[in-house]
Amino acid sequence: MDTHYIKEGLVEIEVPDFEKVSAKAPVFYNPVMELNRDISVAIINQYAKMVDHPISVFDAFGGTGIRGARYAKEIPGVESVMVGDVNPLAVEIAQKNMKLNDLDNVTVEKNDANILLQSNKGLFDVVDIDPFGTPAMFTQSTAANIRPGGLICISATDTSALCGTYHDPCLRKYGARPFKSEYCHENGIRIMLAFIARNLAVNQKYLEVLFSHSTQHYMRIYAIVHRGGKKTNESLDNIGFIAHCPHCLHREISYGFVSTLPSKCPECGCDYEIAGPMWLGSIWNKEFIKDTMDSVDDLQLNKKDELLKLFNQCYEESEGPVTFYDIHKICKTLKISSPKINDVIDEIANRGYFISRTHFKLTGMRTDMPLDELKQLIVDIKEEKLGPEN
Ligand SMILES: C[S@@+](CC[C@H](N)C(=O)[O-])C[C@H]1O[C@@H](n2cnc3c(N)ncnc32)[C@H](O)[C@@H]1O
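Residues numbered from 1 in each chain as written. Predicted model: local features only at pLDDT ≥ 70, side-chain atom pairs only at ≥ 80, totals over all residues. Heavy atoms only, no water.

- Within an unreviewed UniProt entry, the label attached to the protein reads tRNA (guanine(26)-N(2))-dimethyltransferase, and the organism entered is Methanosphaera cuniculi.
- Its UniProt record gives the protein the following Sequence similarities (unreviewed entry) comment, quoted word for word: "Belongs to the class I-like SAM-binding methyltransferase superfamily. Trm1 family."
- Under Catalytic activity (unreviewed entry), UniProt gives the following word-for-word description of the protein: "guanosine(26) in tRNA + 2 S-adenosyl-L-methionine = N(2)-dimethylguanosine(26) in tRNA + 2 S-adenosyl-L-homocysteine + 2 H(+)". (UniProt positions renumbered as here; feature names shortened; annotations may be inferred.)

## What about the site of the ligand?
- As a matter of local geometry, the ligand sits amid 18 residues, with F61, D85, D112, A113 and D130 nearest to it.
- Within the side chain of D130, one N or O atom sits 2.7 Å away from a nitrogen atom of the ligand.
- Burial of the ligand by the protein amounts to 89% of the accessible area it has alone, namely 610 Å².
- When atoms are counted within 2 Å of each cavity's grid points, the one that captures over half of the ligand is the largest pocket. (Near = heavy atom within 4 Å. Polar contact = N/O pair within 3.5 Å; in protein donor to acceptor, adjacent residues only side chain to side chain. Areas by Shrake-Rupley, 256 points an atom, 1.4 Å probe, with all protein chains shown as cover. 1 Å grid on protein atoms, 1.4 Å probe; cavity = no way out; pocket = protein on both sides within 12 Å on 5 of 7 lines; lining within 4 Å. Sits in = over half its atoms within 2 Å of the grid points.)

## A few points about the domain arrangement of the protein
- Splitting the protein by domain gives domain 1 (3-317) and domain 2 (325-382).
- Of note, the centres of domain 1 and domain 2, computed from C-alpha atoms alone, are 31 Å apart.
- Facing the 20 residues of domain 1 at the interface are 16 residues of domain 2.
- With both chains or domains summed, domain 1 and domain 2 bury close to 1,400 Å², and 59% of this area falls on carbon and sulfur atoms.
- When the area that domain 1 buries against domain 2 is broken down by residue, the three leading residues are E182, L249 and E317, summing to 39%.
- The interface formed by domain 1 and domain 2 holds two salt bridges in total. (Domains from an automatic or database assignment. Contact = heavy atoms within 4.5 Å. Buried area = accessible area lost by both parts, 1.4 Å probe. Salt bridge = Lys/Arg side-chain N within 4 Å of Asp/Glu carboxyl O.)

## A few points about the sheet that holds strand β12 (residues 273-279)
- If you trace the three strands from one edge of the open sheet to the other, you get β11-β10-β12, paired in antiparallel fashion. Edge positions in the sheet fall to β11 (251-255) and β12, since each has one partner strand and no second. Strand-to-strand twist of the sheet, defined as the mean angle between neighbouring strand axes without regard to direction, takes the value 20 degrees.
- Here five bridges tie strand β10 (residues 239-244) to β11, and the two strands are oriented antiparallel to one another. Residue pairing across strands places H244 opposite R251, the latter belonging to β11.
- In the packing of helix α8 (residues 184-202) onto the sheet, contacts are made with β10 and β12, and the angle to β12 comes to roughly 45 degrees. (Pairing = 2+ DSSP bridges. Helix = DSSP H or I, 4+ residues; strand = E, 2+ residues; numbered from the N terminus. Axes fitted to C-alpha atoms, helices over the stretch in contact; angles between N-to-C directions.)

## Brief notes about the layout of surface pockets
- Taken as a whole, the largest pocket holds about 680 Å³ of empty space.
- Together, 34 residues line the largest pocket, and F28, F61, D130, P131 and F132 are the ones closest to its centre.
- For the lining of the largest pocket, the per-class residue count stands at 17 nonpolar, 11 polar and six charged.
- Mapped by element, the contributors of at least two residues to the lining of the second largest pocket are β8 (205-215), α11 (304-317), β14 (355-358) and β15 (361-367).
- Among the elements that make up the lining of the second largest pocket, the one with the highest residue count is α11 (six residues).
- Its residues assigned to classes, the lining of the second largest pocket shows three nonpolar, seven polar and five charged.
- Here the lining of the second largest pocket spans two domains, and each of domain 1 (3-317) and domain 2 (325-382) adds at least three residues to it. (Points joined across faces, edges and corners; volume = space filled by probe spheres on them. Nonpolar A, V, L, I, M, F, W, Y, C, P; charged D, E, K, R; others polar.)

## A few points about the nonpolar core
- Ranked by size, the top nonpolar core spans 99 residues in total, and within it I39, L151, I152, L207, F211, I221 and W279 carry the most contacts.
- Broken down by element, this core gets its largest block of residues, 10 residues, from α8.
- Filtering out sequence-adjacent residues up to four positions away, L151 remains in contact with I43, I44, Y47, D125, V126, V127, I146, L210, Y222, A223 and I224.
- Among the nonpolar cores identified, the runner-up in size contains 17 residues, and C331, M369, L374 and I378 belong to it. (Core = buried A, V, L, I, M, F, W, Y, C linked by side-chain atoms within 4.5 Å. Buried < 20%, exposed > 50% of the residue type's maximum accessible area, 1.4 Å probe, protein only.)

## Some words on the UniProt feature "binding site: Zn(2+)" (unreviewed entry) in the protein
- Under the present numbering, the feature "binding site: Zn(2+)" (unreviewed entry) in UniProt falls on C245, C248, C265 and C268. Despite a sequence span of 24 residues, these residues sit close together in the fold, their greatest C-alpha distance being 8.6 Å.
- By the secondary structure assignment, C245 is in the loop between β10 and β11.
- The class of C245 is buried, set by a relative accessible area of 0%.
- Setting aside anything within four residues of it in sequence, one finds C245 in contact with H250, C265, C268, C270 and Y272.
- Positionally, C268 belongs in the loop between β11 and β12.
- Assessed through its relative accessible area of 31%, C268 is described here as partly exposed.
- With near-sequence residues (within four places) excluded, C268 lies in contact with C245, H247 and C248.

Written out as structure tokens, the structure is:
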């Protein structure tokens, strides 16, 4: 295998030569995921500060070992890291990378993630699941074996299933029905979180979600896992369904494991699309986001500006309602061209509603303004009955 060296964060890593990023590479490495790794470093660093004791991390899908090496090198609160991978070539290169960076608190194991989780029950404060595609088959062992109070960091790249391009794989992997919509990436995160919450519940554990995002081709969630039967039962109250009208964009939600939503839209009579079960609780913790932003200056992150932009956006939308509207989609239903989004946002704010942009979509608006009023407001701005000059 031909290799070369790259620098990321505070580590130098030997990676395989490649022409294009591929899961078929002898050892997987994707330079584009630097932002993802920077975010993980920032969040685990903040988590370590919060728990205020030395932490042990399991990087279960190590590849070149770049994540595990960065956690060990860059996060002062990390005491030890175990890196796992099933690919012997990955294990070989990861071991070399730990030596290259003088990391004697990192062990590298060639084994399946589920086996390493089961054989290290209760030992890890942080479990990082970064597989090819779906994390679904690793969720139960993560739920069963993470130390209570621990942090789970879970990625999914099977966005076509979670976002509703393909229904059957989502049903098969997550036991949930998706639909395609302007906010399907948010739904994807909510489907994944509900699946994780149900797996945790089997072990009398529950989630405290800290951060979620959908960027490029992947989704990733960060959550603290707590234990307790009563709180686990209460946490399942966050699970429910969303009904979406593809015709007029009206939507409604119902809580519970069984949808109580009607099959037709009460506004226009068209068939509803229904997704769920999904997590309808918060997918961000505003205070944690702020604390993480405040502490990134202590870290040397190449993608700090991009990270802060994302965190600021999530901070802003963190206390908004479930789902958002897309100005272009609304204008399509109104058969008009879009006014300037900032004019619409200013007017929503003037009327005292919650309003924010969303990191999920450039043309998205997260607001609790009723859809009818929002449509009328857009028409009025377009017809210049409202807006900056009025
Ligand atoms: C997406 S890559 C991980 C990338 C790495 N976390 C990074 O940031 O560069 C997925 C890795 O998981 C490994 N893998 C696949 N199935 C596995 C399993 N069941 N248990 C452990 N590792 C596995 C693959 O060999 C591959 O190296």
